[in-house]
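Notes for the structure review
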Amino acid sequence: MPITKRRRLVLRSAATCVAVALGATALTSCGSEDAGEDSSGPVSLTYWTWTPGMDKVVELWNEGPGKKDRITVTVKKQASGDTLVTKILTAHKAGKAPDLVQAEYQALPTLVSNDAVADIAGDVGDAKGKFADGVWQQTTLGTDAVYAVPQDIGPMMFYYREDLFKEYGLTVPTTWEQFAETARALKKKAPDTDLTTFSANDSGLFAGLAQQAGAKWWTTSGDKWNVGIDDAATRKVAEFWGGLVEEGAVDNQPMYTPAWNKALNTGKQIAWVSAVWAPGTLTTAAPDTKGKWAMAPLPQWSPSDKVTGSWGGSSTAVTTDSGHKAAAAKFAAWLNTDDAALQALAKESGIYPAATNAQTSGAFATPPDYFSNQSDFYAEAAEIAKTTAPSAWGPNVNVAYTTFKDAFGKAAKDKSDFGAALTTMQDDTVADLKKQGFEVSE
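Computed from a prediction, not measured in an experiment: that's the story for all the values here.

Further remarks concern the overall build of the protein. Helix and strand counts for the protein stand at 16 helices and 11 strands. Expected size for 442 residues packed as a compact globule is a radius of gyration near 22 Å; at 22 Å, the protein falls within 12% of this value. For the protein, the C-alpha atoms occupy an extent of roughly 70 × 50 × 40 Å along the three principal directions. Counting over 442 residues, the protein shows a buried share of 57%. In the protein, of all internal contacts separated by at least 6 residues, the share reaching a separation of at least 24 is 75%. Summed over its atoms, the accessible surface of the protein is roughly 17600 Å², and 50% of this surface lies on carbon and sulfur atoms. Each charge class in the protein can be summarised by its mean position, and for the 41 positive and 51 negative side chains these summaries are 3 Å apart.

Another point: unusual backbone geometry. For Arg70, which is not a glycine, the phi torsion comes out positive at approximately 60°. Considering the arrangement of structural elements, one finds Arg70 in the loop between α2 (65-69) and β4 (71-77). Despite not being glycine, Lys415 shows a phi value in the positive range, around 55°. Position of Lys415 relative to the elements: it lies in the loop between α15 (397-414) and α16 (418-436).

Looking at the secondary structure, you find Lys189 in helix α7 (residues 176-189). Since its relative accessible area comes to 48%, Lys189 is described here as partly exposed. The sequence separation of Lys189 and Tyr168 amounts to 21 residues, and the corresponding C-alpha distance is 7.1 Å. Discounting residues that sit within four places of it in the chain, Lys189 has contacts with Tyr168 and Gly169.

The next point concerns the pairing of strand β11 (residues 310-318). Two faces make up the sheet, and in a regular strand the side chains alternate between them. Most of β11 sits inside the fold, with eight of its nine residues counted as buried. The pairing of strand β5 (residues 100-104) with β11 spans five bridges and is classified as antiparallel. When the sheet's bridge partners are listed, Leu100 is paired in β11 with Val318.

With respect to the helices and strands, Asp69 occurs in helix α2. Separated by 92 residues in sequence, Asp69 and Arg161 have C-alpha atoms that sit 51 Å apart. In terms of polar contacts, Asp69 uses its side chain to reach the side chain of Lys330, at 2.6 Å.

Turning to the packing of helix α1 (residues 54-63) against helix α13 (residues 339-349), a few remarks are in order. For the pair α1 and α13, interaxial distance at closest approach is 9 Å and the crossing angle is 160°. If you check the angle between α1 and α13, you find them roughly antiparallel. For α1 against α13, the interelement crossing comes out right-handed. Together, Met54, Lys56, Val57 and Leu60 of α1 and Ala340, Ala341, Ala344, Leu345, Glu348 and Ser349 of α13 make up the contact between the two elements. For the contact of α1 with α13, the residue count by class is seven nonpolar, one polar and two charged.

On to the packing of aromatic side chains. Tallying each qualifying case throughout the model produces 39 aromatic pairs. Judged by centre distance (6.4 Å) and plane angle (40°), the rings of Phe198 and Phe408 are tilted. Placement of the pair is Phe198 in the loop between α7 and α8 (203-212) and Phe408 in helix α15, with a sequence separation of 210 residues. Considered together, Phe198 and Phe408 belong to a single accessibility category, that of buried residues. Above the plane of the ring of Trp48 lies Lys87, whose end atom (NZ or CZ) is 5.1 Å from the centre.

Glancing now at the pairing of strand β7 (residues 218-221). The sheet contact formed by β7 and strand β8 (residues 224-227) spans four bridges and is antiparallel. When the bridges of β8 are listed, Ser221 appears paired with Lys224.

This next bit is on the nonpolar core. Ranked by internal contacts, the top residues of the largest apolar core, which has 125 residues, are Phe198, Trp217, Trp218, Trp241, Val273 and Phe408. Residues Val85, Ala97, Ala116 and Ala317 belong to the second largest nonpolar core, which totals 19 residues.

Now for the pattern of salt bridges. Scanning the model with the defined rule gives 11 salt bridges in all. In this structure, the salt-bridge partner of Lys187 is Asp194, at a minimum N-O distance of 3.0 Å. Asp194 sits in the buried class, given a relative accessible area of 6%. Measuring nitrogen to oxygen at the nearest pair gives 2.8 Å for the salt bridge that ties Asp414 to Lys410. Pair noted here: Asp414 and Lys410 are both in helix α15, with a separation of four residues, about one helical turn.

Within the fold, Asn252 resides in the loop between α9 (232-247) and α10 (258-266). Residue class for Asn252 comes out buried when judged on its relative accessible area of 15%. Polar side-chain contacts of Asn252 include one of 2.9 Å to the side chain of Gln253. A distance of 2.9 Å separates the side chain of Asn252 from the backbone oxygen of Ala412, its partner in a polar contact. If we ignore the near neighbours within four places in the chain, the residues touching Asn252 are Thr197, Phe198, Val245, Ala412, Lys413 and Lys415.

Looking at the element boundaries, Thr319 is found in the loop between β11 and α12 (325-337). In this view, Thr319 contacts Ala97, Pro98, Asp99, Val101, Ala116, Val117, Ala118 and Lys325; residues no more than four positions away in its chain are not counted.

Parameters and conventions
Residues numbered from 1 in each chain as written. Predicted model: local features only at pLDDT ≥ 70, side-chain atom pairs only at ≥ 80, totals over all residues. Heavy atoms only, no water. Helix = DSSP H or I, 4+ residues; strand = E, 2+ residues; numbered from the N terminus. Rg over C-alpha atoms; globule rule 2.2 N^0.38 Å. Buried < 20%, exposed > 50% of the residue type's maximum accessible area, 1.4 Å probe, protein only. Contact = heavy atoms within 4.5 Å. Areas by Shrake-Rupley, 256 points an atom, 1.4 Å probe, with all protein chains shown as cover. Lys, Arg positive; Asp, Glu negative; His and termini not counted. Charge placed at Lys NZ, Arg CZ, Asp CG, Glu CD. Pairing = 2+ DSSP bridges. Polar contact = N/O pair within 3.5 Å; in protein donor to acceptor, adjacent residues only side chain to side chain. Axes fitted to C-alpha atoms, helices over the stretch in contact; angles between N-to-C directions. Parallel < 35°, antiparallel > 145°, perpendicular 65-115°, else oblique. Left-handed = near helix turned anticlockwise from the far one by under 90°. Nonpolar A, V, L, I, M, F, W, Y, C, P; charged D, E, K, R; others polar. Phe/Tyr/Trp six-rings, centres within 6.5 Å; stacked < 30°, edge-to-face > 60°. Lys NZ or Arg CZ within 6 Å of the ring centre and 35° of its normal. Core = buried A, V, L, I, M, F, W, Y, C linked by side-chain atoms within 4.5 Å. Salt bridge = Lys/Arg side-chain N within 4 Å of Asp/Glu carboxyl O.

Put into structure tokens, the structure is as follows:
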């Protein structure tokens, strides 16, 4: 979480620097100029990342474009999530952050508000055209600035046991209303079987569902943050799932437990709302059902809608402490848009690329082994990814996520009011922003 008590979020463009007052003290640095950068000699960059196999991918740069431009990158493996964010902010406070960092999309506002990552809009060339608009927006925070280059994404979709849907005479739902009807129909035909479960142990799932519904949890207005966690879109999602849990139409058990794995593997749970990375999880959780699952687009709130949420994903950012920002930005753009780099990331790191040019070629020309029965898996995934809704992250996502796990976890277990849990999530997030010194709209 942020380590300073009073700060501003700086929204930058290539030509201007506009400080939006979100605290009492303005950040003084602005822009992506490499003050004092020695562009005549060799450049050595350090990259903090948790992605497995990244050192092998970086070798391609060091032996190719990097060698030509005399820019060498060294990988330093790190922990992921909040642990890495805290380490970056601690290093930045001492003026010793690395040149490049891997950052989850929801962590970028925290890094920006602490002036830890630089605006690299002028140094990433035509990278924007390689990504879906909703994906690129996650690294701009809705401004003219570019705070990172997207690396991997997690567009959400619907997974279901194709064989059991046929056995129970079920139709794949295309709307959430049909989803609820399908859950109820299954309960009538097989009382001991669940369509799926509502899980409160991974906040990203609920955030992605709210995103699909049009939620904007954090936005800015003038010099203040607006917190919209308890908005109409999110409340619709909360009440929908809370209603299904309360009536017993879906299970209320958390994901990733031995019991959940067994339910998937034995056919007690026959569907899962997840993301493009689900095949890897299913391979471990339900090995006996390989080749029996299929993937379809996420159900929609309206039959005319065509939008999905995002669950997971990260980017490559350049820090404000780097003395070689232009060189670092050049590497970040190469890493996440170059065909050879993207295929290496797929092979060595197992990621699903954010760049559209790599989503149906190379490693993604054939389906995952677990879904060998669905030849168009990645073609379908690429089309779904294009419909990713814009996100709206803020500087204390960690607090909102923790409160979600606590409040919704209890509500799911007790089959109590999800609306009350959502209000708690809103109130805790607002209180934390104020405690940190941010200005918040009431």
